[in-house]
Amino acid sequence: MCAICGIMNLENNGAVDRRQIAVMNEEMFLRGPDDGGIWTDIQNRCGFGHRRLSILDLTDAAGQPMLNQDGRIVLTYNGEIYNYQEIRKKLEKTGKYHWKTDNSDTEVLLHAYEEWGIGCLSEFRGMFAFVLWDARSESCILVRDRMGIKPLYYMEDSGRLVFASEIKALLRVRKQTERINEKAMYDYLSFLSAPGEETLIEGIHKLPPATYLVYTKKGLAKKVRYWDVLDHYRTDVKKADADTLSQMVLAEFRESVNYRKRADVPVGVFLSGGVDSSANMALFSEGEEGQVKAFCIGYDRNYSSYQNENHFAKQMAERCHAEYYEKLLKEEDLFDFLPVMAKLMDEPVADPTCFPAYYVSRLAREHGVTVAQAGEGADELFWGYRRWKAYLRLSQLNQIPFPKVLKYAGLGLLCTAGKGGRDYTELLRRSIYREPVFWSGAEGFHEYDKRRMLTDVWRARFLGYTSFEAVKPAYLRFMDKAWEKSYVNWMGYADLNHRLPELLLMRVDKMSMANSLECRVPFLDHKFAELAMSISQKQKTAGGMNKAVLKRAVKGLVPDELVYRKKQGFTAPVYDWFLGRLGRKMHKTIMAFADDTGYFNKRYINELFSSQVNAKKIWYLFNLALWYQTHIIKSVGQ
């Protein structure tokens, strides 16, 4: 796990400045504290930087940027190719390649590109963001993994292509003043992160998951989406009975976990006591000679909005004979974290779980672990959220052919009665405009509330626009390609394309890498995702129990009381802390943002603060305001 960066001249405007690459490298030091490297080509058309967190092949020979034997192909790479050993055996059989390392997935990736070109991507099972310089075609190729586990940002700036693992690194060498991307911010208010390819900073882009870009000296030459889970439907799943399906799911998950054990450094497991992390723990501990280390976060007491689950986690750790470590957080820890959070978030990831995710990563690092397994992805793949039941029922109701005029009348009455911001009102509006009821598993503010929140000037810029436009491309792909156009599989596909890569996985990446810790997510192995997305709605919702297929699969590995207990989720008690010092700080910060930008109607903001029930919505605005203070105001003042 590492940090990558680089510059390619798109015009004949002088040499690449190695000092700028060094500056970007240094900005991302925590992602790779073990080593660093810089390469520029002979003609100074292109230069790469790299910071290394050593995981596989700890020798200097595996350092980066890495060149092939004739120096015409250069790689800077962040991630892990878990099946690198199998790929290396294929390459060794050709007899073409001189190997300088014994156990490096980086060198395997480099030679795989030499052998198969960009088609090598079909061989890889892993998480990665990498960039190749191919002198033969004088081109740069930017690649991001299928699920979007690792980030890659880029911009065209003053005749240059500049890329990095973090936006902060790009800002260090950018030649223009930072401006907020207002459309991305409007969509952020809905999705808690900037959706799609845009970021909250104008002109800086995210490479989408499962996509590669080819840049030549004339600019962007090709953009290709090289994988889609909908293209890999497994016909054997449809024919499977419940027992057979459980066996298939368990076998595929076990293989995914086993791949993610590969490392030349200590590996541990994040453990919450829920079914996902417990299943991960059970399979990870299979066949291990020594004790596996497990890490859990709780709070100094039970709160009305969050009840500690550490005893469940400890029970699972004892069952697996693991070394168990926990840390109990208090409100003061959150205040210590806030300046760190603002610095780490290149753009706001408005999920309170960033707070415990940071501390569980630090806990793991403090106890000698460099790699940790996490449980993201299971809920999205297996209909795991309780609120998804309501979305399913509402989606089914939406198919009843009520006259449109009655829907319009109902919408008008609800808005007149002051209920325009209610969930059911927004869902009625969507049904009128033939939008899907479900947009994302993470929704902050509905369209009605956003219109009330914004000042007249800003609201006028978005007349006729809704944030459905951000998810519409995925919806059209789903309707065109899905083998079963069911509500449940749309919800899973929507979150695989948006909420996971842009919110949940960035939360994991930024908080773990801030502690120089690699985090692996076995539920998001692409083969496992292909299996899960081949399961029908009827199979996933059988018996009306969330995550029924996965629960049946791990029954026996995980105690029943953990498998079937009520899901709570891994978060922070912001509702309770909102009433004290945290609430005062949030109000001051958000109001300062409103004054500086002119975006928000301060009367609406004060309405939000009148009720504790709005604590999470206020947290979303607070994250935005903190980010603005840290990255926009300071950059303008430099």
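Use the structure listed above.
Quick notes on the rules
- Residues numbered from 1 in each chain as written.
- Predicted model: local features only at pLDDT ≥ 70, side-chain atom pairs only at ≥ 80, totals over all residues.
- Heavy atoms only, no water.
- Helix = DSSP H or I, 4+ residues; strand = E, 2+ residues; numbered from the N terminus.
- Core = buried A, V, L, I, M, F, W, Y, C linked by side-chain atoms within 4.5 Å.
- Buried < 20%, exposed > 50% of the residue type's maximum accessible area, 1.4 Å probe, protein only.
- Contact = heavy atoms within 4.5 Å.
- Salt bridge = Lys/Arg side-chain N within 4 Å of Asp/Glu carboxyl O.
- Pairing = 2+ DSSP bridges.
- Axes fitted to C-alpha atoms, helices over the stretch in contact; angles between N-to-C directions.

Enquirer: Honestly, unusual backbone geometry in this entry has me stumped. Any pointers?
Expert: Cis rather than trans, the peptide bond between glutamine 64 and proline 65 has omega equal to -5°. Within the secondary structure layout, proline 65 lies in the loop between strand 3 (46-52) and strand 4 (66-67). For asparagine 44, which is not glycine, the phi torsion reads 55° and is therefore positive. Along the polypeptide, asparagine 44 turns up in the loop between strand 2 (35-40) and strand 3. Despite not being glycine, serine 516 has its phi angle at roughly 55°, a positive value. Looking at where serine 516 falls in the secondary structure, it is placed in the loop between helix 20 (499-513) and strand 17 (518-520).

Enquirer: Explain the nonpolar core here, please?
Expert: A general feature of soluble globular proteins is that nonpolar side chains tend to end up buried together. Phe124, Phe130, Leu189, Val249, Phe600 and Trp619 are the most contacted members of the largest nonpolar core, which has 210 residues in total. At twelve residues, helix 28 (residues 615-637) tops the list of elements feeding residues into this core. Ignoring sequence-local partners within four residues, the contact set of phenylalanine 600 consists of Leu189, Met453, Leu454, Thr455, Trp458, Phe593, Ala594, Ile605, Leu621 and Leu624. One finds Cys46, Val74, Leu207 and Leu213 within the second-largest nonpolar core, a separate group that totals 19 residues.

Enquirer: Which parts of the structure should I look at to understand the pattern of salt bridges?
Expert: Opposite charge on two side chains makes pairing possible when the charged atoms of those side chains draw close. Within the structure shown, the criterion is met by 61 salt bridges. Measuring nitrogen to oxygen at the nearest pair gives 2.4 Å for the salt bridge that ties glutamate 138 to arginine 45. Taken together, the residues span a long stretch of sequence, with glutamate 138 in the loop between strand 6 (126-134) and strand 7 (139-144) and arginine 45 in the loop between strand 2 and strand 3 at a distance of 93 residues. Relative accessible area serves as the criterion here: at 28%, glutamate 138 is assigned to the partly exposed category.

Enquirer: What am I meant to see in the sheet that holds strand 10 (residues 205-206) here?
Expert: What links the strands of a sheet is backbone hydrogen bonding, and the strands pair in either a parallel or an antiparallel sense. Within the open sheet, the six strands sit side by side as 2-3-1-9-8-10. Their pairing is antiparallel. Bordering the open sheet on either side are strand 2 and strand 10, each of which pairs with just one other strand. Sheet topology places strand 8 (residues 153-157) next to strand 10; two bridges connect them, and they run antiparallel. From the neighbouring strand, tyrosine 153 faces strand 10, where its bridge partner is lysine 206. Each of strand 1 (2-9), strand 2, strand 3 and strand 9 (160-164) touches helix 1 (residues 18-27); the most contacted strand, strand 2, lies at about 155° to it.

It is worth stressing that arrangement in space is one thing and function is another; only the former is reported here.
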